[in-house]
Each structure stands twice: as structure tokens, then as C-alpha cells.
Amino acid sequence: MWINSKITTLKGAKIGDSEARIKSLYPEQIRVTPHKYVQGGHYLTFIPKDRADQNYRLVFETDGKRVTQFRSGKLPEVEYVEGCS
């Protein structure tokens, strides 16, 4: 897998960030759920407050401590664990 830690979200979130940093960048907008394949890992899902953006999500995958990858897109596909291909 190719990883580029220079790619960031508009708020500056990137691969390698701590779970705490993601939560601090998006206060009260992160839903935490267990990772399906990584023991102790999580999905940190950003849920927009703006009504016009309610059908979109930003999903950070972690190993339980740090972001290992992230994706953004439209519901429901963005939340598919195996992707939409």
C-alpha cells in the first residue's frame, strides 16, 4: 500500500495523527466504532454539522492509537468496510 503522510484534510488531519488529535480537530463531530479487522483499532467517523453536507462522511481508520488511513465520500458507500469496488 502506498502511503503519503503529506496528504491532509482541510483541517490538517493526516496519516500518523493520534486519535486524540482527530477528536480535537473535529470536536463533537466524531463517532468512534470498533474496527472490523484490526484488534483494538477504530473507525473515527466525522459527521458534518452543515445540513447540506449530511450525506457525506470522512472516515479515519486507526490501529487504536494512530490513523493508518482515511477516506471521504458519500453515504452509504464511504462506510463500506471493503470499499465500493
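Small disclaimer: the values here were computed from a predicted structure and weren't measured.

Rules behind the numbers
Residues numbered from 1 in each chain as written. Predicted model: local features only at pLDDT ≥ 70, side-chain atom pairs only at ≥ 80, totals over all residues. Heavy atoms only, no water. Helix = DSSP H or I, 4+ residues; strand = E, 2+ residues; numbered from the N terminus. Rg over C-alpha atoms; globule rule 2.2 N^0.38 Å. Buried < 20%, exposed > 50% of the residue type's maximum accessible area, 1.4 Å probe, protein only. Areas by Shrake-Rupley, 256 points an atom, 1.4 Å probe, with all protein chains shown as cover. Lys, Arg positive; Asp, Glu negative; His and termini not counted. Charge placed at Lys NZ, Arg CZ, Asp CG, Glu CD. Polar contact = N/O pair within 3.5 Å; in protein donor to acceptor, adjacent residues only side chain to side chain. Contact = heavy atoms within 4.5 Å. Phe/Tyr/Trp six-rings, centres within 6.5 Å; stacked < 30°, edge-to-face > 60°.

Draft legend 1. Quick look at the overall build of the chain. The number of helices and strands found in the chain is one helix and four strands. Relative to the 2.2 N^0.38 estimate, which gives 12 Å for 85 residues, the radius of gyration of the chain is 12 Å and therefore close to what a compact globule would have. With the principal axes as the frame, the chain shows a C-alpha extent of 30 × 30 × 25 Å. In the chain, which comprises 85 residues, the share counted as buried stands at 29%. Summed over all atoms, the accessible surface of the chain reaches about 5800 Å², with 53% contributed by carbon and sulfur. The positive charge centre, built from 14 side chains, and the negative charge centre, built from 10, are 4 Å apart in the chain.

Draft legend 2. Fine view of the side chain of T9. The residue T9 is located in the segment before α1 (19-25) in this model. Reaching out from T9, the side chain makes a polar contact with the side chain of Y26 at a distance of 2.8 Å. Residues in contact with T9, not counting those within four places in the same chain, are Y26, L58, F60 and F70.

Draft legend 3. Examining the packing of aromatic side chains more closely. Within this structure, the stated rule accounts for three aromatic pairs. Relative to F60, the ring of Y26 lies with its centre 6.1 Å away and its plane at 40 degrees, an arrangement referred to as tilted. Taken together, the residues span a long stretch of sequence, with Y26 in the loop between α1 and β1 (30-34) and F60 in strand β3 (residues 56-62) at a distance of 34 residues. Here Y26 and F60 have matching classes, each one buried. A centroid spacing of 5.6 Å and a plane angle of 40 degrees characterise the contact between F60 and F70, whose relative ring orientation is tilted. Residue F60 is located in strand β3, and its partner F70 is located in strand β4 (residues 67-74); the two are separated by 10 residues in the primary sequence. Of the residues examined, F70 reaches a relative accessible area of 24% and is grouped as partly exposed. Here the aromatic cluster, defined as three or more aromatic residues joined through ring pairs, consists of Y26, F46, F60 and F70.

Interpretation note: all reported values are geometric properties and have no functional meaning in isolation.
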